[in-house]
Amino acid sequence: MAEFCSLSGRTALVTGGSRGIGRAIAVELAGAGANVVLGYRSGSEEAESVASEIGGRAVQADVSHPDEARRLVDEAGDLHILVNNAGVTRDGLIARMSDEDWETVLQTNLGGTFNTCRAAARGMMRRRAGAIVNISSIVGLHGNPGQTNYSASKAGIIGFTKALARELGSRGVRANVVAPGYVATRLTNELPEELRNSMLANTPLGRLGEPEDVAGAVRFLCSDAASFVTGEVLLVDGGLGM
Ligand code: NDP
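Residues numbered from 1 in each chain as written. Predicted model: local features only at pLDDT ≥ 70, side-chain atom pairs only at ≥ 80, totals over all residues. Heavy atoms only, no water.

Q: Lay out the site of the ligand with the relevant residues and their values.
A: Near the ligand there are 29 residues, and of these Arg19, Gly43, Tyr150, Val183 and Thr185 occur at the shortest range. At 2.8 Å, a backbone N or O of Ile21 approaches an oxygen atom of the ligand. Here an oxygen atom of the ligand sits 2.5 Å away from a polar atom, N or O, in the side chain of Thr185. Burial of the ligand by the surrounding chains reaches 98%, relative to a free accessible area of 910 Å². A majority-of-atoms criterion places the ligand in the largest pocket. Across the shell around the ligand, the residue classes break down as twelve nonpolar, 13 polar and four charged. (Near = heavy atom within 4 Å. Polar contact = N/O pair within 3.5 Å; in protein donor to acceptor, adjacent residues only side chain to side chain. Areas by Shrake-Rupley, 256 points an atom, 1.4 Å probe, with all protein chains shown as cover. 1 Å grid on protein atoms, 1.4 Å probe; cavity = no way out; pocket = protein on both sides within 12 Å on 5 of 7 lines; lining within 4 Å. Sits in = over half its atoms within 2 Å of the grid points. Nonpolar A, V, L, I, M, F, W, Y, C, P; charged D, E, K, R; others polar.)

Q: Summarise the sheet that holds strand 1 (residues 11-14); cite the residues concerned and give the values.
A: One key point about sheets: their strands pair by backbone hydrogen bonds, in either a parallel or an antiparallel sense. Judged by pairing direction, the sheet is parallel, and its seven strands sit side by side in the order 3-2-1-4-5-6-7 without closing on themselves. Whereas interior strands pair on both sides, the edge strands pair on one side only; in this sheet they are strand 3 (57-60) and strand 7 (233-236). Each strand of the sheet is rotated relative to its neighbour by a mean of 20 degrees, with strand direction disregarded. The strands touched by helix 6 (residues 148-168) are strand 5 (130-135), strand 6 (173-180) and strand 7; relative to strand 6, the strand with the most contacts, the crossing angle is about 160 degrees. Strands strand 4 (81-84), strand 5, strand 6 and strand 7 of the sheet are contacted by helix 8 (residues 211-222), whose axis makes an angle of about 165 degrees with strand 6. (Pairing = 2+ DSSP bridges. Helix = DSSP H or I, 4+ residues; strand = E, 2+ residues; numbered from the N terminus. Axes fitted to C-alpha atoms, helices over the stretch in contact; angles between N-to-C directions. Contact = heavy atoms within 4.5 Å.)

Q: An account of the pattern of salt bridges is requested, with residue identities and associated values reported.
A: Tallied over the full model, the rule gives eight salt bridges. The partner of Glu68 in a salt bridge is Arg71, with the nearest N and O atoms 3.8 Å apart. Of this pair, Glu68 and Arg71 both sit in helix 3 (residues 66-76), separated by three residues, roughly a single helical turn. The exposure class assigned to Glu68 is partly exposed, which follows from its relative accessible area of 24%. (Salt bridge = Lys/Arg side-chain N within 4 Å of Asp/Glu carboxyl O. Buried < 20%, exposed > 50% of the residue type's maximum accessible area, 1.4 Å probe, protein only.)

Q: I'd like to hear about the pairing of strand 6, residue by residue, with values.
A: Two faces make up the sheet, and in a regular strand the side chains alternate between them. Of all the eight residues making up strand 6, eight are buried; the element is thus mostly covered by neighbouring parts of the structure. Where burial is concerned, the two faces of strand 6 agree: the one with Val173, Ala175, Val177 and Ala179 and the one with Arg174, Asn176, Val178 and Pro180 are both buried. Note: strand 5 against strand 6, six bridges, orientation parallel. In the strand pairing of strand 6, Val133 is matched with Asn176. Relative to strand 7, strand 6 runs parallel, the two being bridged by four bridges. The residue bridging Pro180 from the neighbouring strand is Val236, located in strand 7.

Q: Tell me about the packing of helix 1 (residues 20-31) against helix 8, residues and numbers included.
A: Running from amino to carboxyl end, helix 1 crosses helix 8 at an angle of 50 degrees, the nearest separation of the two axes being 8 Å. Judged by the inter-axis angle, helix 1 sits oblique to helix 8. Helix-helix and strand crossings are classified by hand; for helix 1 and helix 8 the assignment is right-handed. Judged by residue contacts, Gly20, Ile21, Ala24, Ile25, Glu28 and Leu29 of helix 1 engage Pro211, Glu212, Val214, Ala215, Gly216, Val218 and Arg219 from helix 8. Across the contact of helix 1 with helix 8, the residue classes break down as eight nonpolar, two polar and three charged. (Parallel < 35°, antiparallel > 145°, perpendicular 65-115°, else oblique. Left-handed = near helix turned anticlockwise from the far one by under 90°.)

Below, the structure written as structure tokens:
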């Protein structure tokens, strides 16, 4: 009998796979039997070490640039699975937010997701099979002071993915969103103590998420166990956002 959520024989591209949540997703998908290609922007040592650990390949590309995103998708080969995880924050209050901080976050998080999906869509449609998972965030649904740029990018990913699910569904391609709550990574290391305590007090499961918590949800959505699930937003947040 086939293993539950097996991805055996599938090729998967995970962007931002060099560390944090992307690294955990790459490890999880490889453990499920997928051939994993991980994209990274600058952390070549980290990326190569993950690739050698999972028997995959690391490819450098800045997904905020359409040409680099296209090259990344081309180099990854015939994709069954695309996970858009690469993301950045440039936090600041609106009155003092620079054009650059606004543009960098939108262009990386939302633009990067658009760039790779556009590049991968044709091949997936031709093969009439594909699973796309885009990583949003709880703040894309609820907002967060100091993160107008990040919240807009993550909310944009949700609308984008729903439109994509409608566009590609008849061609056998599914597109879903995973929206994590606060997960212990480099991105959240610097949370102020006060914010961290209030967030934990409002989380029924009473802890920060681990990257592996997110990876399990991504694996499910990529697998045939989710073959009738598309356009969905799956919160992985310990109950914080319900
Ligand atoms: P990290 O900062 O630990 O890792 C981010 C990854 O994205 C790195 O691999 C980085 O590559 C890559 N990356 C950044 N910019 C680019 C780019 N322009 N092109 C290609 N790759 C890029 O983040 P997390 O693991 O914490 O977050 C992963 C995702 O999960 C993000 O989308 C984030 O918004 C989301 N998320 C995180 C939460 C959390 O609590 N941590 C909560 C909710 C959502 P490199 O290092 O090589 O530059």
